[in-house]
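Spelled out, the chains give:
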Amino acid sequence: MELPSFNVQEGISNEQLVFRAFLRPNWFEVHGTETKATPVAFLRRRDRDPDGLSVGPTAEACQAYLSIKMGFCKLVAGEIRRAGETREGGVSYGMDVVPDRIDHANIINVPHRHENPELALAIASDLAKIANEH
Amino acid sequence: MLLTVPAGAAEVNNHGAINATAVFRQMGRITTPSAGIVSLSFGACPESKGIFEACLGRAADEDAATDHAKNTTHQLISGATRADTLSLKPSSIDQVEGDIIIRWQHGAKTLMLLSPAVETVAPKLYREIVRGNRVARTNLIDNPSATQLADSLRWILDGTAEL
């Protein structure tokens, strides 16, 4: 069976799942048998995330280049794009999921917490909630 | 009076600061049990700075909190405790690129204190109300005082849906 991959030309559909690897122990919490992402997992880092938050088409793809494998979470691309619409005013955050390789994409339009702290923290909080539902 | 609120958990001690009786440390992160009894308080007691340092735990070198972030956080929290004799158990304490991020969560409300690594960036106090498990309303206080932190800790416990 062919593993899912990103189509760099056509982009990522709203229905497609994307996976984000946990790189730090504080990026997730374990509640019984359930692992939940924390907002910290979705804070953009100055050096590591020049283009956005990294995601992959499968858990294996997003962990392939990592020496530490702590787990992963998954999100639906359309929910990332719609995130923010539940806020007062109903305007999305304007995030998108854009592939740059068949095995890598960036969640773009995520500010660094020192550039726009209110938006960065709201996005991190919402992405953690979205990730925990799948 | 010591009030303990399960699941999300807060503790209010009207007689002043209380000591930590247990610390749940997990690789640089403090997590609270879903129905904790007493896990952590920041108070004006002499050892509170030591408790705070212990609570930070370990972190990767690139994430370890700077002294500036530690001092800022401790000043705000100990000041808030003196202002309101209030102790509220954090949901998490994180170190990210030298910053400290403390998160308090209870019901539909979340409060985050962001203490930056460097002096050139002011601390931030972020408040959030969720509806249907999504962020509905937020606001941010730039360079908050200890009193504003105390007010925000009270806000988490009150029954209002206002920011």
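A.B. asks: Pulling in residues and values, what's your account of the overall build of chain B?
C.D. replies: On a plain count of helices and strands, chain B comes out with three helices and nine strands. The helix and strand sequence of chain B, counted from the amino end, reads β-β-β-β-α-α-β-β-β-β-β-α. Within chain B, the fraction of its 163 residues that count as buried is 38%. Long-range pairs, those at least 24 residues apart, make up 62% of the contacts in chain B with a sequence separation of at least 6.

A.B. asks: Give a description of the nonpolar core that names residues and reports values.
C.D. replies: Residue and element names in this part refer to chain A. Membership of the largest hydrophobic core comes to 62 residues, with the highest contact counts inside it found for Ile123 and Leu127. Residue contributions to this core peak at nine residues, all from helix α3 (residues 117–131). If near-sequence neighbours (up to four positions away) are discounted, Leu127 is found in contact with Phe42, Leu75 and Ala83.

A.B. asks: Please set out unusual backbone geometry residue by residue, giving values where relevant.
C.D. replies: Residue and element names in this part refer to chain B. One non-glycine residue, Glu97, adopts positive backbone phi at about 50°. Here Asn143, not a glycine, exhibits a phi torsion of approximately 50°, which is positive. On the secondary structure map, Asn143 appears in the loop between β9 (134–142) and α3 (146–157). A residue is classified by how many C-beta atoms lie within 10 Å of it, and Asn143, with 10 of them, is exposed.

A.B. asks: An account of the pairing of β9(B) is requested, with residue identities and associated values reported.
C.D. replies: Residue and element names in this part refer to chain B. Inspection of the sheet shows strand β8 (residues 124–131) paired to β9 by eight bridges, in the antiparallel sense. Residue pairing across strands places Leu125 opposite Ile141, the latter belonging to β9. With antiparallel pairing between neighbouring strands as the criterion, β8 and β9 make up a hairpin whose turn holds two residues, including Gly132 at a positive phi of roughly 60°.

A.B. asks: So, the sheet that holds strand β4 (residues 53–55) of chain A: which residues are in play, and what are the values?
C.D. replies: Residues and elements named next belong to chain A. Read from one edge to the other, the open sheet built from three strands follows the order β4-β7-β6, with strand pairing classed as antiparallel. Looking at the sheet topology across the chains shown, the edges are occupied by β4 and β6 (96–101). Between one strand axis and the next, the sheet turns by 35° as a mean value, whatever way the strands run. Relative to strand β7 (residues 104–108), β6 runs antiparallel, the two being bridged by five bridges.

Rules of the game
Residues numbered from 1 in each chain as written. Chains lettered and ligands numbered in written order. Predicted model: local features only at pLDDT ≥ 70, side-chain atom pairs only at ≥ 80, totals over all residues. Helix = DSSP H or I, 4+ residues; strand = E, 2+ residues; numbered from the N terminus. Buried ≥ 20, exposed ≤ 12 C-beta atoms within 10 Å, placed from the backbone. Contact = placed C-beta atoms within 7 Å. Core = buried A, V, L, I, M, F, W, Y, C linked by C-beta atoms within 7 Å. Pairing = 2+ DSSP bridges. Axes fitted to C-alpha atoms, helices over the stretch in contact; angles between N-to-C directions.

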